[in-house]
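Each chain is listed here by its residues.
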Amino acid sequence: MNRLALVAILVAACSKTSAPPQQAPVPLSQLPSVDPQAILAHTRVLSSDEYEGRGPGTKGEELTVRYLIDQFQKLGLKPGGTDGTYVQKVPLVGITPAPAPLVLEKGSRRLTLTWKDDVVAWTKHVANSASINRSELVFVGYGIVAPEYKWDDYKGVDVKGKTLVMLVNDPAVPDDPQAFGGRAMTYYGRWTYKYEIGMQKGAAGVLIVHETEPAGYPFEVVQAKTTEQFDLVTPDKNMGRVNVEGWITRDRAKELMTLAGQDFDALKKQAATREFKPVPLGVTASMTIKNTLRTIDSQNVLAKLEGSDPALQDEYVVYTAHWDHLGIGPEQNGDRIYNGAKDNAIGVAGLLELARAYTKVSPAPKRSILFLSVTAEEQGLLGSQYYAVTPVYPLRKTLADINMDGLNVHGRTKDLTLIGYGASELDDYAKAAAAEQGRVIRPDPESEKGFYYRSDHFNFAKQGVPALDPDEGTDFIGKPAEYGTQVRDDYTEHDYHKPSDVIKADWDLSGAVEDLQVFFAVGYRVAQSAKYPDWKPGNEFKATRDAMLKNSEPGN
Ligand SMILES: [Zn+2]
């Protein structure tokens, strides 16, 4: 049976029930328009030198938060915080580890890994120090537990108090090429997952073996983590996390395996099979990390448009855009202010302009719309993580997150990119909306790099909430085929995370306006829909969502 036939049967089945037929959605062309001049004006303020690059905990934060609250109030939006304010306080800690060696021992033999050259490690414990002391090393392959792929690297082996050695990324399984999304990276491949599963298993430490190709970046990127890193302060001061989280180079990992009487390449091969079992290495690891700590109170800013349907107004569609950027930093070409116009003043401007458009739409949304501008994205998606783990509104009543991180500033495109395309039904909404503009959806061209896990929407996804991660199109109307790649590479090379990320004279927001119109249609239609959007079968976040919705049924 083809899908159309199935739809016909379902429609016939539905029409027999007493439920009223669902209203046809308002066509995209009849939604209130989004104003490019307003986007530019907000971007100009937020990316001005006066705002000092919007670093968390600085004068730039104060000004940004005040501006956002002011704008939300002017639009008549209600405070998004349950305490009657427009802010959610986000406690952050900056942790700077002191250099320390990692000592590996087997009997009288010893291998010492040098800080930064061979090993980069830290502790997330909000404490003056943390250590592993003669902790037994166990190689756990990719360290993954993924029921939807029938995968468990632990096989019931107790690894409490041990230090786990893991491979980065997810396995390419020779006899099952579709496992773990094929070429695309699933969340099981991200380094953050490795430390989280180690924590769930009660391990004392986790060491990831760095390999450039599967990681997607060289060891230098890991070495940057020897400076101050920010994290959230959880009620347990992160003491539930493993004592030591770190990376070791592949060359040193090979020496470690040799010391253990093992062969790295052979182990790696075994690790790509479902039969793999943890391999105790007979080697112990010792390391003590001393911290310098400082705490910062930052803020998420949130405003809501209350839903018009009393039965649905406690259900939410969320839009996110991070307000923070890098603040004042090292001087480049005589400039120290990292203005972050494209990253992400313009995304916040888009959020404000969408909020304005929402106040004009008819009929008014049935469900509530939450406009959430989060902090500390640049420090590791911390503001959105804080919202997602301590949500103001229950996540089981949150239908979707739509995230904006950067907007297209080079004119209209025939396409719109969706990172992680095919993850959820939100992609179908976006596809339908783009089609009304005569545009097409393009999947992420570099899905193996795991970009879906690198912006704020991901924290919603991880907790189970379907999340849309749109990116700029690349097929520009009236421009040569290579133009899209050219402007993207130009930005990455010259302006990304540099003081020169400012508004440029040649910006053309006509494409951004069309993209925002799509985001508007998606959120609005979800807010009006009879049904919650779902993850697609096989998606790694579906089980979490299913469990959440099941537990929220009355009587459960
Ligand atoms: Zn950004």
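Residues numbered from 1 in each chain as written. Predicted model: local features only at pLDDT ≥ 70, side-chain atom pairs only at ≥ 80, totals over all residues. Heavy atoms only, no water.

Draft legend 1. Geometry of the overall build of the protein chain. Each helix and strand counted, the protein chain has 15 helices and 22 strands in total. What you see for the protein chain is a C-alpha radius of gyration of 24 Å, in line with the 24 Å of a compact globule of 556 residues. Across its three principal axes, the protein chain shows a C-alpha extent of roughly 75 × 65 × 55 Å. Taken over 556 residues, the protein chain has a buried fraction of 54%. The contacts of the protein chain with a sequence gap of at least 6 include a subset with a gap of at least 24, amounting to 83%. Within the structure as shown, the protein chain displays about 23800 Å² of accessible surface, and the carbon and sulfur contribution to it stands at 53%. The distance from the centre of the 62 positive side-chain charges to the centre of the 73 negative ones in the protein chain is 4 Å. (Helix = DSSP H or I, 4+ residues; strand = E, 2+ residues; numbered from the N terminus. Rg over C-alpha atoms; globule rule 2.2 N^0.38 Å. Buried < 20%, exposed > 50% of the residue type's maximum accessible area, 1.4 Å probe, protein only. Contact = heavy atoms within 4.5 Å. Areas by Shrake-Rupley, 256 points an atom, 1.4 Å probe, with all protein chains shown as cover. Lys, Arg positive; Asp, Glu negative; His and termini not counted. Charge placed at Lys NZ, Arg CZ, Asp CG, Glu CD.)

Draft legend 2. Inspection of the packing of aromatic side chains at higher detail. Considering all chains together, one arrives at 25 aromatic pairs under this definition. Arranged with centres 5.9 Å apart and planes meeting at 80°, the rings of Phe180 and Tyr188 form a pair that is edge-to-face. The two residues Phe180 and Tyr188 agree in class, both being buried. The rings of Tyr149, Trp151, Phe180, Tyr187, Tyr188, Tyr193, Tyr452, Tyr453, Phe458, Trp535 and Phe541 are connected pair by pair, giving a single aromatic cluster. Across from the ring centre of Tyr154, 4.6 Å away, lies the NZ or CZ of Lys201, which sits over that ring. A cation over a ring is seen here: Lys225 above Trp122, with NZ or CZ 5.7 Å from the ring centre. (Phe/Tyr/Trp six-rings, centres within 6.5 Å; stacked < 30°, edge-to-face > 60°. Lys NZ or Arg CZ within 6 Å of the ring centre and 35° of its normal.)

Draft legend 3. Structural detail: the coordination of the zinc ion. Note on the zinc ion: its protein donors are His322 (NE2), Asp343 (OD), Asp405 (OD) and Asp405 (OD). The metal-donor distances range over 2.0 to 2.7 Å. Expressed as a motif, the donor residue spacing for the zinc ion is H-x20-D-x61-D. Linking Asp343 in helix α9 (residues 341-358) with Asp405 in the loop between β18 (398-403) and β19 (415-418), this pair joins segments that are 62 residues apart in sequence. Exposure remark for Asp343: the relative accessible area of 8% places this residue in the buried category. Classification of Asp405 as partly exposed rests on a relative accessible area of 25%. (Donors = N, O, S within 2.8 Å, 3.2 Å for Na, K, Ca; no water.)

Draft legend 4. How the structure looks around helix α4 (residues 191-200). The element α4 is extensively covered by neighbouring structure, given that seven of its 10 residues are classed as buried. Buried within α4 are the following residues: Trp191, Tyr193, Lys194, Tyr195, Glu196, Ile197 and Gly198. On the buried face of α4, the contacting elements are β5 (119-122), β7 (145-146), β9 (163-167), β10 (205-210), β12 (244-249) and α12 (457-462). Gly202, located one to two residues past α4, shows a positive phi value of around 75°.

Draft legend 5. Structural view of unusual backbone geometry. That bond from Asp343 to Asn344 is cis: its omega, 5°, falls within 30 degrees of zero. Within the fold, Asn344 resides in helix α9. Cis geometry is adopted by the peptide bond preceding Pro363, which originates at Ser362 and carries an omega value of -5°. Mapping Pro363 onto the fold places it in the loop between α9 and β17 (368-374). Positive phi, normally seen in glycine, also occurs at Glu52, with a value near 50°. Its place among the elements puts Glu52 in the loop between α2 (36-46) and α3 (59-74).

Draft legend 6. The arrangement of helix α11 (residues 426-436) in detail. Every buried residue of α11 is accounted for by Leu426, Asp427, Tyr429, Ala430, Ala433 and Ala434. The arc that holds every buried residue of α11, seen down its axis, measures 155°, which confines them to one face. Elements that come into contact with the buried residues of α11 comprise β18, β19, β20 (440-443), β21 (467-468) and α14 (510-528). (Arc of directions from axis to C-beta.)

Draft legend 7. Broad picture of the nonpolar core. Formed by 87 residues in total, the largest nonpolar core has its most connected members in Leu102, Phe139, Trp247 and Leu281. When residues in this core are grouped by element, the largest group, seven residues, is from strand β13 (residues 279-305). If sequence neighbours within four positions are ignored, Trp247 has contacts with Asp118, Val119, Val120, Trp122, Val168, Trp191, Tyr195, Ile208, His210, Tyr217, Phe219 and Val222. (Core = buried A, V, L, I, M, F, W, Y, C linked by side-chain atoms within 4.5 Å.)

Draft legend 8. Spatial organisation of the pattern of salt bridges. Counted under the stated rule, the structure contains 32 salt bridges. The shortest N-O distance in the salt bridge between Asp118 and Arg252 comes to 3.2 Å. Separated by 134 residues along the polypeptide, Asp118 in the loop between β4 (109-113) and β5 and Arg252 in helix α7 (residues 250-259) bring together distant segments of the chain. Asp176 is the salt-bridge partner of Arg274, the closest N and O atoms lying 2.9 Å from each other. (Salt bridge = Lys/Arg side-chain N within 4 Å of Asp/Glu carboxyl O.)

Draft legend 9. The arrangement of the pairing of strand β15 (residues 327-332) in detail. Looking at chain direction, β15 and strand β16 (residues 335-338) are connected through three bridges and run antiparallel. By the bridge assignment, Gln332 is partnered in β16 with Asp335. Turn length for the β15-β16 hairpin, with the two strands adjacent in sequence and antiparallel, is two residues, and the turn residue Asn333 shows positive phi of about 50°. (Pairing = 2+ DSSP bridges.)

That's the geometry; what it means functionally is another story.
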